[in-house]
Amino acid sequence: MTNLVSTRRSPLVFVIWGYIIWSLVPVVIAVIYSFNDGRSRSVWQGFSLRWWFTDPYASIFRNDETRNAISNSLVLALATLLVVTPLGIALAIGSQRIRGRGANYVQGLTSTPLITPEIVVGAALLLTFTRLFTAVPLGFFAQLLGNVTFSLASVVVIVRARLVSIGASFEEAARDLGASRWQALRFVLLPMLWPSVMASLVVVFATVIDDFVITSFLSAGVSSETVPLRIYSSVRGGATPALNALATLLVLTSFTVLIIGLFGLSTWRKRHGERGGLRAALADVTQIEG
Amino acid sequence: MKNSPRLWAGFAIPGTVWLIVLFAIPFYAVACVAFGTIDPIFRDAVPQWSPLSWDFAQARQIFTSLTTGPLRGVAMRTVLYVVCAMSLCFVIGFPIAFFLARHAGKRKLLLLTLIIVPFWVNYLMRMLAWVNLLSVDGLFTRFMRNFGVNYNWLDGSPITVILGLVYGYIPFLILPLYATLERLDWRLIDAARDLGANSRQAFRLVTLPMSKAGLVAAGILIALPMFGDYYTNDLLSRSPSTEMIGNQIDFFLNASTEPQKGALLVLALSLFLLLFMSFYLRSTRQQSRQVTR
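Residues numbered from 1 in each chain as written. Chains lettered and ligands numbered in written order. Predicted model: local features only at pLDDT ≥ 70, side-chain atom pairs only at ≥ 80, totals over all residues.

**As for the domain arrangement of chain B**
All names here are of chain B. The condition is simple: Here the limits of each domain have been adopted from an automatic or database domain assignment. Note that contacts rest on C-beta atoms placed from the backbone: two residues are in contact if these are within 7 Å. Counting from the N terminus, the helices are the DSSP runs of H or I reaching at least four residues and the strands are the DSSP runs of E reaching at least two.
In terms of domains, chain B is made up of domain 1 (1-55) and domain 2 (72-292). The distance between the C-alpha centroids of domain 1 and domain 2 comes to 31 Å. Listed as interface residues are 8 residues of domain 1 and, on the opposing side, 7 residues of domain 2. If you tally residues by element for the side of domain 1 that touches domain 2, the top one is helix H1 (residues 5-34), at 4 residues.

Here it is in structure tokens:
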């Protein structure tokens, strides 16, 4: 073919590695400084675990407010998953199969939240909960409703992609063999949707646990403070490396969930004879073909 | 499959109702607050639920303020910062996505994984990392001092804010760009080369026109959240001299007694972004139609 393919030593190699270093090294440094022995987040004073475990007041696992924020974050993420997963799967199936003018409206309505800036959603929900649906108090419940609304679209996108790739033939075969419409759905389609369900669990968990804007607009002070809110309010103050430790914990949590999800996905694929392994699992989660 | 419309409608109803109640109606609520009145005693915004009694005096005032008055600076700055950050994102991101799609070879999975990592690192963590490096005794500040650069990075520096936006949003550009370029039929580009085009001509006349729709969509995908960003500014600058429209919205809704102004700014921002959003939705719908065909 042409010589384009063989330009291995193209200057782009440096650009790409430069980018990777630029994008990751600052974060790695921030992680390292969470183990700083001193109170500074920028001058190294020796290694210690004081900001993680040992300091009785300031370490993240012993400080009451930080522990409260950690448990708030986990509860919010899990509660959102419980609500948004069934809602999103049903909406994905329904919106893919209804026809007519209603279908266009439903599809428009499901894809718009995905590209609406979070500040707009957060502001709109804040005004709604304080002036229209005043039965919903700000705090955990409002944050739950907000996060479900914002992440519903991503579940629908992930599940719908899987529905498209499955096609209708499996269900039709089940129907021909005497299954009722419901049985075909329950015993044929749903089990095949499993990888997309797992992928959306991972994506939604990571979105909610990291969410700052909506959760902050709908919070009601300390009782509903999550980890991102706590980080945000102390970044520019004279915070100790405990802040770095807390942020590191957040990153570790999402990566743990991501890695568990990726392995679960590739195991599922292997067991069910689908090709692709880890690469396909990565594509499931990022919605981008590798 | 298609002969059971009621069943499928039943599946779509709960989610649709959810989105109507918690996504569509809230927008209406914003309008009702924005065009509502102000309580004469408590000075609080009183929403007007009927469009017939909407009052546009405040809206006119905010519009004048955004175009010629005190908010003009904020509006212009928002556009300027987003345009600068977007251009930098493309200048850095396009070659990377291009390389990944075209030349990565055996290393592709490794590089792709490393590039996806920031995607999964919390945005606040990534900003926090730079706050540490750029603070007065931070590593980067100290490093730059060796070259005689003594700059106060975190105190209202537009450079820091723009670079912060680039740093924050570029992962969200590179992946969709890569996906677009990956889908291209590279044989056509090879054909152009074989027919005598040099690499620059092949790029300008074949690669670019073929990937244009994807490039625009990817750009919009990061422009939208950037226009609504206030936290990057808050974390890296905290100065009125770098405020963007998002900071004003955050201020009016969360820290002032004038939520009506906040509602009006949300409305103004949404209307401005609606242009980009509808363009994006139309182009992705066209793409998915091409795929299903």
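**So, the nonpolar core**
Cut-off, in case you're wondering: We define a nonpolar core as a collection of buried residues of the types Ala, Val, Leu, Ile, Met, Phe, Trp, Tyr and Cys that are connected via C-beta atoms lying within 7 Å of each other. Partly exposed residues are those whose C-beta has more than 12 but fewer than 20 other C-beta atoms within 10 Å; 20 or more makes a residue buried and 12 or fewer makes it exposed, with C-beta atoms placed from the backbone.
Among the nonpolar cores identified, the biggest contains 153 residues, and Ala123 and Ala247 of chain A together with Val30, Met125, Leu128 and Val266 of chain B are the most heavily contacted of them. Ranked by the residues each element gives to this core, the list is headed by helix H7 (residues 158-183) of chain B, at 14 residues. When we break this core down by domain, the ones giving at least three residues each are domain 1 (1-55) and domain 2 (72-292) of chain B. Ignoring anything within four residues of it in the chain, the contact list for valine 30 of chain B reads Ala123, Ala124 and Leu127 of chain A together with Ala263, Val266 and Leu267 of chain B.

**Re the packing of helix H3 (residues 64-97) of chain A against H1 of chain B**
Quick note on the threshold: Fitted lines through C-alpha atoms serve as axes, helices being fitted only where they are in contact, and the angles separating the N-to-C directions of these axes extend from 0 to 180 degrees. Any angle that falls under 35 degrees is termed roughly parallel, while one over 145 is termed roughly antiparallel, one within 65 to 115 roughly perpendicular, and all others oblique. Handedness of each helix crossing follows the sense of rotation of the near helix against the far helix: counterclockwise by less than a right angle gives left-handed, clockwise gives right-handed. Under this grouping Gly is polar, as are all residues other than the nonpolar Ala, Val, Leu, Ile, Met, Phe, Trp, Tyr, Cys and Pro and the charged Asp, Glu, Lys and Arg.
The geometry of H3 of chain A relative to H1 of chain B is characterised by a closest axis approach of 7 Å and an angle of 125° between their N-to-C directions. Classified by the angle their axes make, H3 of chain A and H1 of chain B are oblique. Both H3 of chain A and H1 of chain B take part in a crossing whose hand is left-handed. Here Leu87, Gly88, Ala90, Leu91, Ile93, Gly94, Ser95 and Arg97 of chain A of H3 of chain A lie close against H1 of chain B, whose contacting residues are Trp8, Ala9, Phe11, Ala12, Pro14, Gly15, Thr16 and Trp18 of chain B. Among the residues making up the contact of H3 of chain A with H1 of chain B, the classes are represented as 10 nonpolar, 5 polar and 1 charged.

**Concerning unusual backbone geometry**
Located in the positive-phi region is arginine 238 of chain B, a residue other than glycine, with phi close to 60°. Within the element layout of this structure, arginine 238 of chain B appears in the loop between helix H10 (231-236) and helix H11 (245-254).

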